[in-house]
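# Summary of the model geometry
This is what each chain is made of:
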Amino acid sequence: MFRLPRFLLLACAAGYMACAVPVLAADTLMMATTTSTQDSGLLEYLEPVFKQETGIELKWVAVGTGKALEIAKNCDADVLLVHAPSAELEFVKAGHGVDRRQVMYNDFVIVGPVADPAGVKGQTTAEALKRILDTKAGFVSRGDQSGTHKAEQKLWQQSNIVPDKDPKYFSAGQGMISTLNMAAEKQAYALTDRGTWITFADKMGDKNPLAIVVEGDKALFNQYSVITVNPAQCPKVKTDLARKFEDWWVAPATQQKIAGYMLKGKQLFFPNANK
């Protein structure tokens, strides 16, 4: 029987990460995934349907993509649902994963104080990042090697900017919701996936001190994929269940369900399996 590592059990118990890990049965699949699939409510929406249609019980730990990949490398998961394409391709190339398949996408957005003190609304991503640092307006990074953090690092690199030494560049070292809360508290800017942002904005309502200031840039595309942990490296991986999991995610009926998942009329994810 699969058992979650002690460090993860302690982290779950302390509330440092979102987990769904009761006692596991023979037909239980363990997934390591990103916080955005948890925080957006997508997993809670799809999990009962998955169980009803396949008979497989899905359990997961929601962390940053970097941490999820490490969990898989340690053979502590059967399958992944993550969103850091470059890191995923390296993971597969190194022999840790097999059968990587795209399932859906959304996009990243830059959010900041409603008053937009840096004056970046409507600018390109590169222009906005440079101006945020030049004006000392403040930027909160996830700083946790998650898919969002990796995307942010890539955007800084593409903009030829090294933000780390700036005193107004803050590293949260936490999940997306916590990072957004920190940005709100400091009246600073942040990069977030749109799905989590919609959930955050809905919870904050009229009291939300943040707003989207940059969106629609091609550089902000955010792809999600599923990967089976390689049984050649992790013999206890439930490959048959993982394959059923992947097949289910790319099936037309599931893709329609992903498209149909909305919050107050706003679509959070867009299916793109087999594309």
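What you see is a predicted model, and the numbers here were worked out from it, not measured in a lab.

About the cut-offs
- Residues numbered from 1 in each chain as written.
- Predicted model: local features only at pLDDT ≥ 70, side-chain atom pairs only at ≥ 80, totals over all residues.
- Heavy atoms only, no water.
- Helix = DSSP H or I, 4+ residues; strand = E, 2+ residues; numbered from the N terminus.
- Rg over C-alpha atoms; globule rule 2.2 N^0.38 Å.
- Buried < 20%, exposed > 50% of the residue type's maximum accessible area, 1.4 Å probe, protein only.
- Contact = heavy atoms within 4.5 Å.
- Axes fitted to C-alpha atoms, helices over the stretch in contact; angles between N-to-C directions.
- Parallel < 35°, antiparallel > 145°, perpendicular 65-115°, else oblique.
- Left-handed = near helix turned anticlockwise from the far one by under 90°.
- Nonpolar A, V, L, I, M, F, W, Y, C, P; charged D, E, K, R; others polar.

So, about the overall build of the protein. When helices and strands are counted, the protein shows 11 helices and 13 strands. A globule of 275 residues ought to have a C-alpha radius of gyration of about 19 Å, and the protein, at 19 Å, matches this closely. Structurally, the protein occupies a C-alpha span of about 55 × 40 × 35 Å along its principal axes. Classification of the 275 residues of the protein by burial places 54% in the buried group. Expressed as a percentage of contacts within the protein between residues at least 6 apart in sequence, the contacts between residues at least 24 apart total 76%.

A word on the packing of helix H8 (residues 176-186) against helix H9 (residues 194-204). For the pair H8 and H9, the least separation of the axes is 10 Å and the interaxial angle reads 60°. Put simply, H8 runs oblique to H9. Crossing of H8 against H9: the hand is right-handed. Across the interface between the two elements, Met176, Ile177, Leu180 and Asn181 of H8 pack against Thr196, Trp197 and Phe200 of H9. Classifying every residue of the contact of H8 with H9 by side-chain character gives five nonpolar, two polar and no charged.

A separate point is the environment of proline 235. Structurally, proline 235 can be placed in the loop between strand E10 (221-229) and helix H10 (239-250). On the basis of relative accessible area, proline 235 is assigned to the exposed category, the value being 70%. In sequence terms proline 235 and proline 167 are 68 residues apart; their C-alpha atoms lie 47 Å from each other.

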